[in-house]
Amino acid sequence: MNDVDRTISPAEVGRLARAVLDAVGTVVVGKRDTLELVLAGILAGGHVLLEDLPGLGKTLTARSFAQALGLDFRRLQFTPDLLPADVTGSFLYDQSSGDFSFRAGPVFTNLLLADEINRTPPKTQSALLEAMQEKQVSVEGVTYRLDEPFHVLATANPIEYEGTYPLPEAQLDRFLLRVSFGYPEPEQEWEVLRRRMTRRREEAEISPVVDAKTLRAMQAALENVVVEDSIGRYIVALTSATREHPSVLVGASPRGSLALLLLSRVRAVFAGRDYVVPEDVKEVAVPALAHRITLRPEMWLRRVDPSFVVGEVLDATPAPASGALPSHGRPGY
């Protein structure tokens, strides 16, 4: 039997998603919009890059989502001496059997926290590429499939450049979206302290809201969210416009268009709809596209940010009016 043996509606996905966010919100204070983006990345079947200053709850967020979603969770601290085998696993000699046996690495899990991914050399960073894209790893010519669901939440610190290795464009493109938390408001920071005193211990535990099988059913249900032709063409127009912007050296790839499509479906479900409107696309455009853009070198001197470019593209690209029946829903298509 298929692992996804439960059929649920988009409306049920929205209800369960809100329950998951409420559970995570009992631990991660005051970041509902950012938490929605992280959950959207997971529901859309992708990987999320959490890039921000240290101590703002990135690791706590990953662990909390793993608990609320009922997923097997592992944390891998990326360091300069980390080897590819430390990620994927390796063959070890078993003296009792007189043969080599495969010992799986931490990538064999449901939710992997790749902590400070930009602190390890490119060779080790690339060990994640096959796992993230193909959901498999190859060791000594043998391929091992990863159990689904499989998601990577990677953290990166944007300010500690000494001892770090920039993520190559190919790896950045594997992340469905990039999000930042930012500093909390004073009242939110006080709430963090208050909750810590109330529970009288450092660790915060969350009871599972769903399990891995239900998560896969939620992901499958998103295929029933309708995307009109006009919305699809709007997504393509936005992505194409990033390639033509005068400040951009390399624009977003077609994978960026796919990210907009998948994430806008999730945003529609969060809003209680089973169809996508232009506002859904606009809300996810910056986190889905900004990290896929390479600016011209002189733009850094002018302090131009990729997010600013996406904002200009949104302003310059006309949004469609909703109401057209999608071609894939018409008889004869």
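Note that this is a predicted model, so its numbers are computed, not measured. (Residues numbered from 1 in each chain as written. Predicted model: local features only at pLDDT ≥ 70, side-chain atom pairs only at ≥ 80, totals over all residues. Heavy atoms only, no water.)

Draft legend 1. Seen up close, the pairing of strand 1 (residues 48-51). Here strand 1 runs beside strand 8 (residues 151-156); their pairing, made up of 4 bridges, is parallel. The residue of strand 8 that forms the bridge with Leu49 is Ala154. Where strand 1 lies against strand 9 (residues 177-179), 3 bridges are found, and the strand directions are parallel. Paired with Val48 across the two strands is Leu177, which belongs to strand 9. (Pairing = 2+ DSSP bridges. Helix = DSSP H or I, 4+ residues; strand = E, 2+ residues; numbered from the N terminus.)

Draft legend 2. Spatial organisation of the packing of aromatic side chains. Tallying each qualifying case throughout the model produces 4 aromatic pairs. Relative to Phe108, the ring of Phe102 lies with its centre 5.9 Å away and its plane at 70°, an arrangement referred to as edge-to-face. Grouping aromatic residues by their ring pairs yields a cluster made of Phe91, Phe102, Phe108 and Tyr144. Just above the ring of Tyr275 sits the side chain of Arg273; from NZ or CZ to the centre is 5.6 Å. (Phe/Tyr/Trp six-rings, centres within 6.5 Å; stacked < 30°, edge-to-face > 60°. Lys NZ or Arg CZ within 6 Å of the ring centre and 35° of its normal.)

Draft legend 3. Inspection of the confidence of the model for the chain at higher detail. Taken residue by residue, the chain gives an average pLDDT of 87. The fraction at 70 or more is 93%. The model gives residues 329-333 a pLDDT under 50, and that stretch makes 4 contacts with residues more than four places away or in other chains. (pLDDT = per-residue confidence, 0-100. Contact = heavy atoms within 4.5 Å.)

Draft legend 4. Examining the pairing of strand 6 (residues 136-139) more closely. Where strand 6 and strand 7 (residues 142-145) come together, 4 bridges link them in antiparallel fashion. Residue pairing for strand 7: Val139 is matched across the bridge by Val142. Hairpin geometry of strand 6 and strand 7 is characterised by an intervening segment of 2 residues between the two adjacent antiparallel strands and by a positive phi of about 55° at Glu140.

Draft legend 5. Broad picture of helix 5 (residues 122-134). Taking 1.5 Å of rise per residue, 13 residues should cover 18 Å, and helix 5 covers 19 Å from first to last C-alpha, within 8% of that figure. Residues of helix 5 that are buried include every one of Thr124, Gln125, Ala127, Leu128, Leu129, Ala131 and Met132, and no others. In this structure, the buried residues of helix 5 make contact with helix 4 (84-88), strand 5 (111-115), strand 6, strand 8 and helix 6 (169-172). Note on helix 5: the residue one or two positions beyond its end, Lys135, has a positive phi of about 55°. (Expected span 1.5 Å × (residues − 1). Buried < 20%, exposed > 50% of the residue type's maximum accessible area, 1.4 Å probe, protein only.)

Draft legend 6. Geometry of unusual backbone geometry. In this model, Glu148 is joined to Pro149 through a cis peptide bond whose omega is 0°. Structurally, Pro149 is set in the loop between strand 7 and strand 8. Look at Glu116: it is not a glycine, yet its phi comes out positive at around 55°. Note that Glu116 resides in the loop between strand 5 and helix 5. The phi torsion at Lys135 lies on the positive side, around 55°, for a residue other than glycine. Within the secondary structure, Lys135 is located in the loop between helix 5 and strand 6. A relative accessible area of 18% means that Lys135 is categorised as buried.

Draft legend 7. Representation of helix 9 (residues 229-244) within the structure. The terminal C-alpha atoms of helix 9 lie 23 Å apart, and with 16 residues this matches the ideal 22 Å at 1.5 Å per residue to within 8%. Every buried residue of helix 9 is listed here: Ser230, Ile231, Tyr234, Ile235, Leu238, Thr239, Ala241 and Thr242. On its buried face, helix 9 sits against strand 10 (248-250), helix 10 (254-270), helix 11 (278-289) and helix 13 (306-316).

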